[in-house]
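Coordinate inspection notes
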2 protein chains.
Amino acid sequence: MLLDAAREAAAEAVGCRADELVFTSSGTRAVHAGVAGALAGRRRVGRHLIVSAVEHSSVLHSAEVHEADGGSVTQVPVDRGGAVDPAAYGDALRGDTALACLQSANHEVGTEQPVAAVAELCREAGVPLLVDAAQSLGWGPVEGDWSMLAASAHKWGGPSGVGLLVVRKGVRFSAQGPVDERESGRAAGFENIPAIVAAAASLRAVRAEAAGEAARLRELTERIRARVPGLVPDVEVVGDPVRRLPGVVTFSCLYVDGEALLHELDREGFSVSSGSSCTSSTLTPSHVLRAMGVLSEGNVRVSLPLGAAEEDVERFLEVLPRAVAAVRDKLGAPVPGAVVREADVLVVDSLGKRCPIPVIELAKVIGGVPVGGLVRVLSDDEAARLDIPAWCEMRGQEYVGEEPAEKGTAYLVRRTA
Amino acid sequence: MLLDAAREAAAEAVGCRADELVFTSSGTRAVHAGVAGALAGRRRVGRHLIVSAVEHSSVLHSAEVHEADGGSVTQVPVDRGGAVDPAAYGDALRGDTALACLQSANHEVGTEQPVAAVAELCREAGVPLLVDAAQSLGWGPVEGDWSMLAASAHKWGGPSGVGLLVVRKGVRFSAQGPVDERESGRAAGFENIPAIVAAAASLRAVRAEAAGEAARLRELTERIRARVPGLVPDVEVVGDPVRRLPGVVTFSCLYVDGEALLHELDREGFSVSSGSSCTSSTLTPSHVLRAMGVLSEGNVRVSLPLGAAEEDVERFLEVLPRAVAAVRDKLGAPVPGAVVREADVLVVDSLGKRCPIPVIELAKVIGGVPVGGLVRVLSDDEAARLDIPAWCEMRGQEYVGEEPAEKGTAYLVRRTA
């Protein structure tokens, strides 16, 4: 009875029938099970899968498995604000498309996706759209005529260990892997009843206050978006300024090592995230920032929890400039890379140096070449591929392109300003 | 740090290295992931899987998926006590065996399996043995040189939503499905830290009192085993009398509808389980009772929780005879099936009637045929296939066999007593 009541409550919040919704052990499991089941259910139609380039890793990992298994995948690119263009998404639909996936809002930069418009195009093409609603379900139901939906309770303030998967009636679905009689054969294993009950109750509770809290947090994140560029020089605020989640704001700081900045802010009591390469175990920048083509160095994601206090935001804005300055100070006087002038090209050897050093060295020498002259930055750091073009965009310099070098890659920049 | 500490504590309780143990979202998921990963990792060796006939459904479902995917599966039978014979298990090992699975103890009847002996045979054959230790891990580490182990926290008194999977170093393992960087790539999704910490803490806590509590519960279940046959006529206590879990005792009552008995006991405040067909949604008796060849009708499984009070056990023994008698009373005067004497065979038509009616009707008429005479029971109830032979065994009558009838199946019984 508790499970039935929780399912009714969650279904009401989602806007679906109770028998269309199952509880899984996490949002990730909901996505994995949803993608695998839909692809298998529509295998006769074809094996083409569409995802956006900025999906959560659970969607992208599912796509990798599908591709390794012989399926085909189209990644729809996003604009500099992080959103897909519905028309471009629609163009990716093919006769053999089994499934399309689109997040309701991005988990790193907060940009909302045009789900209703994409759902409409998918519906016309007869292709089910799976919406990863992990970021937005606490704020409200997902609009539009989508076919499947996945979400995660701890994202809306509920407990860990509960996800939900919705498969609308009429969607062909064939659960993969071993199943049992639980959750309509879509989520095997003993149901975590206490956590499921808490998840449904918390969703109802956050929804009751969502409208007011969204307006309040939106004002606070707007404050960060508006004031950070004035407080910190050489900063790029990323993500759509209007169509965005209420509580997330993301910016990148030139000439800053993201890991060091996180530590500075942590010492001041602020726990933030980063998509910088130097904060990830893989040493590559976030795939989201890469797909958007924005600066990844010194990247900071501030997520305001429900109930976040205005004073804390003000104190963050007070602390941030000092923290960034402290990190820049430490990096401020690196030994410049060997600078060699070859004909009309100034060569900066940043081999073996990691983000943000290559960009710092580029910035230091660009003034030393005449307008129209070229700088050739040698780097073997993966982040340079993203951050040198992003720096050019921010500084109004021309990014000419990259070419393989004897070691690493050479990035060519023409001084235009 | 909390996750690392929990992993260290759990590994110590299991008797493995911390880096061999990952947390999953349930015991079922641990089994599914473990079986799939081991089968894939040893695919070059072959695609043969061995399981016992009385494994938990998570193992059997994994085996079904493997078979549907073209693999082969051997089910090793059990004796009437529910245990596999190590020699028979060893005989199932082949050159192309990728994996062998054996539970540490059975979940329905409590019988302990000869894991150490089977592990030894598997080790000699170079085949990894996966032990489903869900039932026993709270009582102590699994003995023997096993290769993989799965367990479930809520079974040892921990929270729902946590399982564990151990893969010893050197076992070829290839995680299947989408994975992420969590839990060594073996259990995708956000870790349920609070529940994992509670799981590890509770395992340590129950282990600290396991020896004393095991002795105490064993005395209580022994009391039930010894006294039920005297208190209730026509009862069969099932499971190994010696090599068994401390807190589980199972018995079956002739001429009783399991569902009705559960309701009677529930009204008295006792929540028990049943493997009878009439209590399952599939209307088939438990696969465990079927594999053991014991009576399934009126089946009752009593699981004593940690700390179960002696008074409660005494009250259960007081209530049980009345509850069984009440159910038998209600069933006691069914209109007997049409009885037709065909030559020397007495035919009982129980078509359309469900467990325990066919056995009741057989019992009512057997006295009416001469010693050496035959009774032919017509039944379309799946439970009859198990319960009529089991009744013959209990009553010392000869079970001759079954044959297809115009409708349902005819079961032939010769009166010998």
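- Under an unreviewed UniProt entry, chain A has the name Cysteine desulfurase and belongs to Streptomyces violarus.
- Checking UniProt for chain A, the heading Catalytic activity (unreviewed entry) contains the comment "(sulfur carrier)-H + L-cysteine = (sulfur carrier)-SH + L-alanine".
- In the Sequence similarities (unreviewed entry) part of its UniProt record, chain A is described as follows: "Belongs to the class-V pyridoxal-phosphate-dependent aminotransferase family. NifS/IscS subfamily."

**Comments concerning the overall build of chain A**
- When helices and strands are tallied, chain A shows twelve helices and 15 strands.
- Taken over C-alpha atoms, the radius of gyration comes to 23 Å for chain A, in line with the 22 Å a tight globule of 417 residues would show.
- Structurally, chain A occupies a C-alpha span of about 75 × 50 × 35 Å along its principal axes.
- For chain A, the residues scored as buried account for 56% of the 417 residues in total.

**Digging into the interface of chain A and chain B**
- With 21 residues of chain A at the contact, the number on the chain B side is 21 residues.
- At the boundary of chain A with chain B, total buried surface from both sides reaches about 1700 Å², with 63% on carbon and sulfur atoms.
- By the criterion of area lost to chain B, the three top residues of chain A are Ser160, Pro178 and Phe190 of chain A, representing 28% of everything that side buries.
- Connecting chain A to chain B are five residue pairs in polar contact (both at pLDDT 80 or more).
- Counting residues per element, the ones that place at least two in the side of chain A that touches chain B are helix 2 (27–41) and helix 3 (57–68) of chain A.
- In terms of residue class, the side of chain A that touches chain B is built from six nonpolar, twelve polar and three charged.

**Quick word on the relation of the copies chain A and chain B**
- Expressed as a screw transformation, the operator carrying chain A onto chain B has a rotation angle of 180 degrees and an axial translation of 0.0 Å, and the superposed copies differ by an RMSD of 0.1 Å. In short, the pair behaves as if placed about a two-fold rotation axis.
- Looking at the interface residues of chain A, 100% of them are also at the interface in chain B, so both copies use one shared face.

**Points about helix 5 (residues 115–125) of chain B**
All names here are of chain B.
- Considered for burial, the residues of helix 5 that qualify are Val115, Val118, Ala119 and Cys122. What you see down the axis of helix 5 is that its buried residues fit within an arc of 105 degrees, all on one side.
- Turning to helix 5, the residues buried within the fold contact helix 4 (86–92), strand 4 (97–103) and strand 5 (129–132).
- Count one or two residues on from helix 5 and you reach Gly126, which has phi positive near 70 degrees.

**Comments concerning the sheet that holds strand 6 (residues 148–152) of chain B**
Residues and elements named next belong to chain B.
- Taken together, the seven strands give an open sheet; going across it, the order is 1-7-6-5-4-2-3, and neighbouring strands pair in mixed fashion. In the strand order of this sheet, the two ends are held by strand 1 (21–24) and strand 3 (72–76), each with one partner. Taken pair by pair, the neighbouring strands of this sheet meet at an average axis angle of 20 degrees, ignoring direction.
- As paired strands, strand 6 and strand 7 (residues 163–167) are joined by five bridges and run antiparallel to one another. Directly across from Leu149, in strand 7, lies its bridge partner Val166.
- Packed on one face of the sheet, helix 1 (residues 2–14) meets strand 1, strand 6 and strand 7 and runs near 110 degrees to strand 1.
- On the sheet, helix 3 (residues 57–68) packs against strand 2 (48–52), strand 3, strand 4 and strand 5 and is oriented at approximately 155 degrees with respect to strand 2.

**Overview of the packing of aromatic side chains**
All names here are of chain A.
- This model, assessed by the stated rule, comprises two aromatic pairs over all chains.
- Both rings, one in Phe270 and one in Phe316, keep their centres 5.3 Å apart while their planes meet at 75 degrees; by these two values the pair is edge-to-face. Of this pair, Phe270 sits in the loop between helix 8 (258–267) and helix 9 (287–292) while Phe316 is found in helix 10 (residues 310–332), placing the two residues 46 residues apart along the sequence. Neither residue differs from the other here; Phe270 and Phe316 are each classed as buried.
- In this arrangement the basic side chain of Arg168 is found over the ring face of Trp146, its NZ or CZ atom lying 4.0 Å from the centre.

**Here's the deal with the environment of Gly177 of chain A**
- One can find Gly177 of chain A in the loop between strand 7 (163–167) and helix 6 (193–208).
- Sequence spacing of Gly177 of chain A and Gln75 of chain A is 102 residues, and the spatial spacing of their C-alpha atoms is 26 Å.

**Regarding the UniProt feature "domain: UPF0033" (unreviewed entry) in chain A**
- The feature "domain: UPF0033" (unreviewed entry), as given by UniProt, occupies residues 348–372 of chain A in the numbering adopted here.
- Taken end to end, residues 348–372 of chain A has its terminal C-alpha atoms 17 Å apart, with 40% of it in helix and 8% in strand.

**Here we look at the pairing of strand 3 of chain B**
All names here are of chain B.
- Strand direction decides the pairing type here: strand 2 and strand 3, joined by five bridges, are parallel. Opposite Ser52, over in strand 3, you have Val76 as the bridge partner.
- Traced from strand 2 through helix 3 to strand 3, the parallel crossover comes out right-handed.

**Here we look at helix 2 (residues 27–41) of chain B**
All names here are of chain B.
- In this model helix 2 runs 21 Å from its N-terminal to its C-terminal C-alpha over 15 residues, within 8% of the 21 Å that 1.5 Å per residue would give.
- By the criterion of burial, helix 2 is predominantly enclosed, with eleven of the 15 residues buried.
- Residue Ser26 occupies the N-cap position of helix 2, its side-chain oxygen lying 3.4 Å from the main-chain nitrogen of Thr28.

**Quick look at the sheet that holds strand 10 (residues 299–303) of chain B**
Residue and element names in this part refer to chain B.
- Here three strands make up an open sheet; going across it, the order is 8-9-10 and the pairing antiparallel. With one partner strand each, in any of the chains shown, strand 8 (235–238) and strand 10 form the two edges of the open sheet. Sheet twist, expressed as the average angle between the axes of neighbouring strands with direction ignored, equals 25 degrees.
- Of the pairings in the sheet, the one linking strand 9 (residues 248–253) to strand 10 comprises five bridges and is antiparallel in character.

**Digging into the pattern of salt bridges**
- As enumerated under the stated definition, the model contains 52 salt bridges over all chains in all.
- Arg223 of chain A is paired through a salt bridge with Glu219 of chain A; the nearest N and O atoms lie 2.9 Å apart. Note that Arg223 of chain A and Glu219 of chain A are positioned in helix 7 (residues 210–231) at a spacing of four residues, about one turn of the helix.
- The closest approach of N and O atoms between Arg17 of chain B and Asp19 of chain B, which form a salt bridge, is 2.8 Å.
- In this structure Asp19 of chain B comes out as partly exposed when scored by relative accessible area, which is 40%.
- Where salt bridges share partners, they join Glu219, Arg223, Arg227, Glu310 and Glu314 of chain A into one cluster.

**Observations concerning unusual backbone geometry**
- For the bond from Cys355 of chain A to Pro356 of chain A, the omega torsion is 5 degrees, close enough to zero to count as cis.
- One non-glycine residue with positive phi stands out, namely Glu183 of chain A, at about 45 degrees.
- For Glu183 of chain A, the position within the fold is in the loop between strand 7 and helix 6.
- One non-glycine residue, Asp234 of chain B, lies in the positive phi region at around 55 degrees.
- Following the sequence through the fold, Asp234 of chain B ends up in the loop between helix 7 (210–231) and strand 8.

Reading the values: the criteria
Residues numbered from 1 in each chain as written. Chains lettered and ligands numbered in written order. Predicted model: local features only at pLDDT ≥ 70, side-chain atom pairs only at ≥ 80, totals over all residues. Heavy atoms only, no water. UniProt positions renumbered as here; feature names shortened; annotations may be inferred. Helix = DSSP H or I, 4+ residues; strand = E, 2+ residues; numbered from the N terminus. Rg over C-alpha atoms; globule rule 2.2 N^0.38 Å. Buried < 20%, exposed > 50% of the residue type's maximum accessible area, 1.4 Å probe, protein only. Contact = heavy atoms within 4.5 Å. Buried area = accessible area lost by both parts, 1.4 Å probe. Polar contact = N/O pair within 3.5 Å; in protein donor to acceptor, adjacent residues only side chain to side chain. Nonpolar A, V, L, I, M, F, W, Y, C, P; charged D, E, K, R; others polar. Least-squares fit on C-alpha atoms with pLDDT ≥ 70 in both. Arc of directions from axis to C-beta. Pairing = 2+ DSSP bridges. Axes fitted to C-alpha atoms, helices over the stretch in contact; angles between N-to-C directions. Phe/Tyr/Trp six-rings, centres within 6.5 Å; stacked < 30°, edge-to-face > 60°. Lys NZ or Arg CZ within 6 Å of the ring centre and 35° of its normal. Right-handed = clockwise from strand over helix to strand, strands pointing away. Expected span 1.5 Å × (residues − 1). Salt bridge = Lys/Arg side-chain N within 4 Å of Asp/Glu carboxyl O.

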